[in-house]
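Residues per chain, in single letters:
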Amino acid sequence: MDRIFDYGGHLVVTLVPVAVVFVALAMAVKRQAVWAAWQQCRHEFATNLGLVLLNAVVLAPVLLLPANSFHAQLKAIPGLAAMWNHIAWPLTLLAALLINELAVYWRHRAEHSGFLWRFHATHHADEAIHWLSVMRKHPVSRAFGLLFDATLLLLLGLPVWAIGASSLIRSWWGYFVHADVPWTLGPVGAVMISPAAHRLHHARDIALSGSNFGGLFTIWDRLFGTYVAPDAYINCETGIDEGTRSFLGELWRPFEDTRIFARYRRRAV
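Heads up: these notes are all about the structure in this document. (Residues numbered from 1 in each chain as written. Predicted model: local features only at pLDDT ≥ 70, side-chain atom pairs only at ≥ 80, totals over all residues. Heavy atoms only, no water.)

Summed over all chains, the structure comprises 18 aromatic pairs. Ring centres 5.9 Å apart and planes at 85 degrees place the aromatic pair Tyr105 and Phe213 in the edge-to-face group. Placement of the pair is Tyr105 in helix H5 (residues 89-111) and Phe213 in the loop between helix H10 (195-201) and helix H11 (219-223), with a sequence separation of 108 residues. A single burial state applies to Tyr105 and to Phe213, both of which are buried. Here a set of aromatic residues connected by ring pairs shows up, and it is made of Phe22, Trp38, Phe45, Trp131, Trp172 and Tyr175. Looking at Arg222, its charged tip hangs above the ring of Tyr227, at a distance of 4.2 Å from the centre. (Phe/Tyr/Trp six-rings, centres within 6.5 Å; stacked < 30°, edge-to-face > 60°. Helix = DSSP H or I, 4+ residues; strand = E, 2+ residues; numbered from the N terminus. Buried < 20%, exposed > 50% of the residue type's maximum accessible area, 1.4 Å probe, protein only. Lys NZ or Arg CZ within 6 Å of the ring centre and 35° of its normal.)

If you want it as structure tokens, here you go:
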């Protein structure tokens, strides 16, 4: 029970500053329309918050144990860990971000095909996308990410501080790109994934949702041919044809709706 309280306290410390920033952003951008925007997303916000509490508090020991055990067994490729000590810290951080993004890119693409889509569909079900949508994850998807996302960083011997900094930066950018703002970020959006570019990834149109898998940079999408400029799709409709569900409905979705599996089983990774 004490551990659950510890996880709960950590979640509060993490989410309260994020909530303050993005509520302020919504008020500044939407102004008089902010209440209407809240009314539109409040039911899905409740579902997302329920999934956050389940994954980050109730199931945290279950989800983190296998990931931590697996990571503890990983050994860096000989010589690489020492190499980073001779590289300037900004370059080390940039390398951590790019390597982390590469791993997450392929994990994300894998979740868009076959069996894994059953669980990842929960993340795409939000029809009123907002900053907390980034945390709308089925526990199986959450476990998959925890297990896989840091593996390449550990194998390449990145220092702990760089791994932590990469995770923090990617987390905040993840909240930002899920925010309900129609921003392409202009020239910056050519290098960084913008809210408009990521909204396109959440488009109800299945062809469009197979683009922009990156969470921070556009480089891997561009290199592997999955980048689509968002300019022509601003404020596109989001969600999936099967529709959004309640907290319990999203937990049960992968085991009930075989249409989702049938629809995506032939999609190429």
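A few words now on the side chain of Asn100. Of note, Asn100 is situated in helix H5. Residue Asn100 is classed as buried on the basis of its relative accessible area, which comes to 5%. Ignoring anything within four residues of it in the chain, the contact list for Asn100 reads Asp149, Leu153, Ser166, Ser167 and Arg170. (Contact = heavy atoms within 4.5 Å.)

It is worth spelling out helix H6 (residues 114-124) at this point. Most of H6 is tucked away: nine of the eleven residues are buried. For H6, the complete set of buried residues consists of Gly114, Trp117, Arg118, Phe119, His120, Ala121, Thr122, His123 and His124.

A few words now on the pattern of salt bridges. Here the idea is simple: oppositely charged side chains can pair when their charged atoms come close. Within this structure, the stated rule accounts for twelve salt bridges. Here Arg136 makes a salt bridge to Asp126, at a shortest N to O gap of 2.6 Å. With Arg136 in the loop between H6 and helix H7 (139-148) and Asp126 in the loop between H6 and H7, this pair connects stretches of sequence that are ten residues apart. Judged by its relative accessible area of 0%, Arg136 is buried. Judged by relative accessible area, Asp126 falls into the buried class, the value being 1%. Connected through salt bridges with shared partners, the residues Asp126, Arg136, Glu250 and Arg253 form a single ionic network. (Salt bridge = Lys/Arg side-chain N within 4 Å of Asp/Glu carboxyl O.)

Here the focus is the packing of helix H2 (residues 34-58) against helix H12 (residues 247-256). Helix packing for two helices is described by the angle between their axes and how far apart those axes are. Contact geometry of H2 with H12 gives a least axis separation of 8 Å together with a crossing angle of 65 degrees. By the angle class used here, H2 and H12 are roughly perpendicular. Along the contact surface, H2 presents Thr47, Gly50, Leu51 and Leu54, while H12 presents Phe247, Glu250 and Leu251. Among the residues making up the contact of H2 with H12, the classes are represented as four nonpolar, two polar and one charged. (Axes fitted to C-alpha atoms, helices over the stretch in contact; angles between N-to-C directions. Parallel < 35°, antiparallel > 145°, perpendicular 65-115°, else oblique. Nonpolar A, V, L, I, M, F, W, Y, C, P; charged D, E, K, R; others polar.)

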